[in-house]
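# Results of the structural survey
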Amino acid sequence: MKYRSEIDGLRAIAVVSVIMFHAGLPFLSGGYVGVDIFFVISGYLISTIIFDEVEQKKFSFITFYERRARRIVPALSLIMLCSIVPAYLLLQPSDLISFGNSLIAIPIFLSNVLFWSERGYFGAAAELKPLIHTWSLAVEEQFYLFYPIFVIAVFKWFRKYLAAILMAGLILSLVASYYVTRLHFETGFFLPFTRAWEMLFGGMAALLIRNRIIEKYPFNGTVASLIGLALMCYSIFAFDDKTLFPGIAATIPVIGTFLVLISPQQNNLVHKFLANKVFVFLGLTSYSLYLWHQPIFAYISYMQLGHGWLYASIIPVVILSAISYKWVETPFRNKQLMTRKTVFSFALITSVFFVVAGGIIVLNKGFVNRYNEADQKILTSVTGASEYNSERFDAAELVEFEASGKRKVFLVGDSFAKDFMNLVYESGNDKRFSFSTKQINSECGNIYVPFDKDANIPPARRMRCDSIGWFESDKVKQRMQEADEIWLVGKWQAWVVPHIRPSVEQMEKDFQKPVKVFGIKDFGKSSPIVAMKIPADKRLSYTEPAARDAVDVEQKMQESVPAKNFRSLLSLYCGKDFGTCPMFTGDGSLISQDGGHLTESGAVYLAEKLTPLLEDNPGK
């Protein structure tokens, strides 16, 4: 296959976009689309090779995967190895366990599934994961596990329909991406069936060039490439974490890359621009650049050193990438230096090593014994907090009420409602109440009356909210009718507050039941990192003020929701001025791992204060 230097220029745009996005440059808020540019390029290059070799009856699965191993494994193994020691030194046990899981998942190319299960690419949690960027490698490898088989089958039985079949697969994957992204953003982002269309776009580019279709319909290569470059730049600068992505939005950078790839090369000014020495250097080292930047950025972020250090670290990232390209990537691609047996042996040995290393980390629970006894209290209290949060509430989702003398409560809300149910159980009040629950996420609005969904719910969450639903289903109405009372709990958003009173009034009118609204809770800047910086002898008496936005929401709720319906959790736990929120339990465990959600220790500690708030007249 003929070398095209402008493709290295495209790789340079892709990798620089991703790196600058992860560095937090605000004007490159869509830099994550660099991965999509990589997907199209990869699809083009791999398809060109497969089409040619299948056509010439030279294709070999062993040779194909040998090339993939030479390309992927050596530099990836180096970065994983170099990440282990700083992970052990810096990461807290729960984060180190996550890191250990990634060491296990990456060699078997399932890291995208792991990070999908952990939820989230955008936000602080993702920034602190040293190996989260390997999700894209896993998506590619999962695609290339089946793609050669697919191409061989089409060439054998449906060769003249290859373009139509590729296009059909592309459209099916794109449609899936559109609907799945709207329904569940993380699934659309991380899984291969919603990303395959991007690599198939590259395959279509390879087919058009291979069959000389472009030559039959000549057009100005510079103009087409300029349009493609403009589409890529638009997405890099205009998209952000609120963009519904991938879905239809991803077609903009993908089509842009496609146009540059298929544009005639002769006298193409854009291609000449992309082929300049700086771009080509960045393109050649792009794989190492991509691999090195994330762990370095993650550890800097974990140490809370600030964005200045992130920007400064870009220079060492470039140097390390140049070194690993020259001394790791290049030698492994040299078949005279590294035989097939050597490459596959290296891949097997390193895979086993990382799986074992990850297993040791996970089985030792993140080596919590690295810390003193007081800090171990904090760290063990947050382990398993997310599972504890949801277990009871989820098990009671729309279940029938117990046939007992207990008072029937229909509990509606988000993860704060799940916390609240744990408080009820830890206080022993489950002996008085029987629960049926309904989840409504905080961004969807725990609202009973009609409201403008388009104006208030982010586009990336709207279809998910529609899927979860509000109060419209027959089963929800049945449970509300059967209940003795209805409780609304949530991490209340400011835009929701004006709708709470009319919702309560309409519920009471429709169902003739008392409705209790429990306010927001907040414990300030509570986290294991913050907590361990506080001297052990001062922890039990240490308090934090509630976050300003939580206080604002609380005050607006107190003003708008009738006193007979409203129950203030913030006043209960943080004092009347909301300025003395406890961070620690009586034995030094952490009450909240993130300032809002409770640990099991925190729920047990705070539960004893809850009972009066559950009465019809709590002030008496």
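Residues numbered from 1 in each chain as written. Predicted model: local features only at pLDDT ≥ 70, side-chain atom pairs only at ≥ 80, totals over all residues. Heavy atoms only, no water.

## Side note on unusual backbone geometry
The criterion, for reference: The helix count covers DSSP runs of H or I at least four residues long, the strand count covers runs of E at least two residues long, and both are numbered beginning at the N terminus. Buried means the residue's accessible area, taken with a 1.4 Å probe over protein chains only, is under 20% of the maximum for its type, while exposed means over 50%, and partly exposed covers the values in between.
Along the chain, Phe245 connects to Pro246 via a cis peptide bond; the corresponding omega equals 10 degrees. Tracing the chain through its elements places Pro246 in the loop between helix 12 (221-238) and helix 13 (251-262). Of note in the backbone geometry, Lys57 takes a positive phi value of approximately 55 degrees without being a glycine. For Lys57, the position within the fold is in the loop between helix 2 (34-55) and helix 3 (61-90). Residue classification places Lys57 among the exposed positions, given a relative accessible area of 77%. Positive phi values are uncommon outside glycine, yet Leu398 reaches one of about 55 degrees.

## Quick notes on the pattern of salt bridges
Oppositely charged side chains can pair when the atoms bearing their charge come close. This is how it is decided: Every case where a carboxyl oxygen of Asp or Glu lies within 4 Å of a side-chain nitrogen of Lys or Arg is listed as a salt bridge.
Scanning all chains against the criterion turns up 31 salt bridges. Among the salt bridges present, the one from Asp375 reaches Arg539, with a minimum N-O distance of 2.7 Å. On the criterion of sequence distance, the pair formed by Asp375 in helix 19 (residues 373-382) and Arg539 in the loop between helix 26 (528-532) and strand 5 (543-544) is long-range, its members being 164 residues apart. A salt bridge links Lys516 to Glu485, with the shortest nitrogen-to-oxygen separation between them at 2.4 Å. Separated by 31 residues along the polypeptide, Lys516 in strand 4 (residues 515-518) and Glu485 in strand 3 (residues 485-489) bring together distant segments of the chain.

## Overview of the side chain of Lys438
Spelled out, the test is: Definition of a polar contact: a pair of N or O atoms within 3.5 Å, with one able to donate and the other able to accept a hydrogen when the atoms are protein atoms, and with sequence-neighbouring residues admitted only if both atoms are side-chain atoms. Between two residues, a contact is recorded if the distance between any of their heavy atoms is within 4.5 Å.
Positionally, Lys438 belongs in strand 2 (residues 433-439). Reaching out from Lys438, the side chain makes a polar contact with the backbone oxygen of Ile468 at a distance of 2.6 Å. Residues in contact with Lys438, not counting those within four places in the same chain, are Phe393, Glu397, Leu398, Phe410, Leu411, Val412, Gly413, Ile468, Gly469, Trp470 and Val476.

## Focus: the packing of helix 7 (residues 135-157) against helix 8 (residues 162-183)
What counts is decided by this rule: Under this scheme, a helix contributes an axis fitted over its contacting stretch, all axes are lines through C-alpha atoms, and angles between N-to-C directions fall in the 0 to 180 degree range. For any helix crossing, the convention is left-handed if the near helix is rotated counterclockwise from the far helix by under a right angle, and right-handed if that rotation is clockwise. Residue polarity is assigned by list, with Asp, Glu, Lys and Arg as charged and Ala, Val, Leu, Ile, Met, Phe, Trp, Tyr, Cys and Pro as nonpolar; anything else, Gly included, falls into the polar class.
Packing of helix 7 against helix 8 brings their axes to within 10 Å, and their N-to-C directions diverge by 145 degrees. Judged by the twist between their axes, the crossing of helix 7 over helix 8 is right-handed. Residues Tyr147, Phe150, Val154 and Phe155 of helix 7 form the contact with helix 8, whose participating residues are Leu162, Ile165 and Leu166. For the contact of helix 7 with helix 8, the class distribution of residues is seven nonpolar, no polar and no charged.

## Notes on the packing of aromatic side chains
Heads up, the condition is: Planes of paired rings set the category: under 30 degrees apart is stacked, over 60 is edge-to-face and the rest tilted, where pairs are Phe, Tyr or Trp rings (Trp by its six-membered ring) whose centres lie within 6.5 Å.
One pass over the full model with this rule turns up 39 aromatic pairs. Ring geometry for Phe433 against Phe435: centres 6.3 Å apart, planes inclined by 45 degrees, an arrangement best described as tilted. With respect to class, Phe433 is no different from Phe435; both count as buried. A ring pair is formed by Phe435 and Trp487, whose centres lie 5.6 Å apart and whose planes are at 70 degrees; its orientation type is edge-to-face.

## Here's the deal with the state of the cysteines
Worth spelling out the cut-off: Note on disulfides: each one is a pair of cysteine sulfur atoms within 2.5 Å.
What the rule picks out here adds up to two disulfides. Bridging Cys444 to Cys465, the disulfide has an S-S length of 2.0 Å. Taking the sign of the S-S torsion, -80 degrees for the link of Cys444 and Cys465, the bridge is left-handed. Pair noted here: Cys444 is in the loop between strand 2 and helix 22 (453-456) and Cys465 is in helix 23 (residues 459-468), with a separation of 21 residues, a long-range link. For Cys444, a relative accessible area of 1% translates into the label buried.

## Focus: a nonpolar patch on the surface
Where we set the bar: What makes a patch is a set of residues exposed beyond 30% relative accessible area and free of salt bridges, joined within 9 Å when like-charged and within 5 Å when nonpolar (Val, Leu, Ile, Met, Phe, Trp, Tyr). Here, Shrake-Rupley sampling with a 1.4 Å probe gives the accessible areas, and only protein chains in the shown set may cover a residue.
On the surface, Met167, Ile171, Val175, Tyr178, Tyr179 and Ile248 cluster together into a nonpolar patch covering about 520 Å² of accessible area. Inspection of the secondary structure puts Met167 in helix 8. Take Met167: its relative accessible area is 34%, and that puts it in the partly exposed class.

## Observations concerning the pairing of strand 1 (residues 407-413)
Put simply, the test is: Two strands qualify as a pair provided that DSSP identifies no fewer than 2 bridges between them. For the handedness criterion, the strands are oriented away from the viewer, and a crossover whose path from the first strand over the helix to the second runs clockwise is classed as right-handed.
Counting buried positions along strand 1 gives five out of seven residues, so the element sits mostly inside the fold. With seven bridges joining them, strand 1 and strand 2 adopt parallel strand pairing. Note that in strand 2 the partner of Leu411 across the bridge is Thr437. For the segment spanning strand 1, helix 21 (residues 415-426) and strand 2, crossover handedness is right-handed. As paired strands, strand 1 and strand 3 are joined by five bridges and run parallel to one another.

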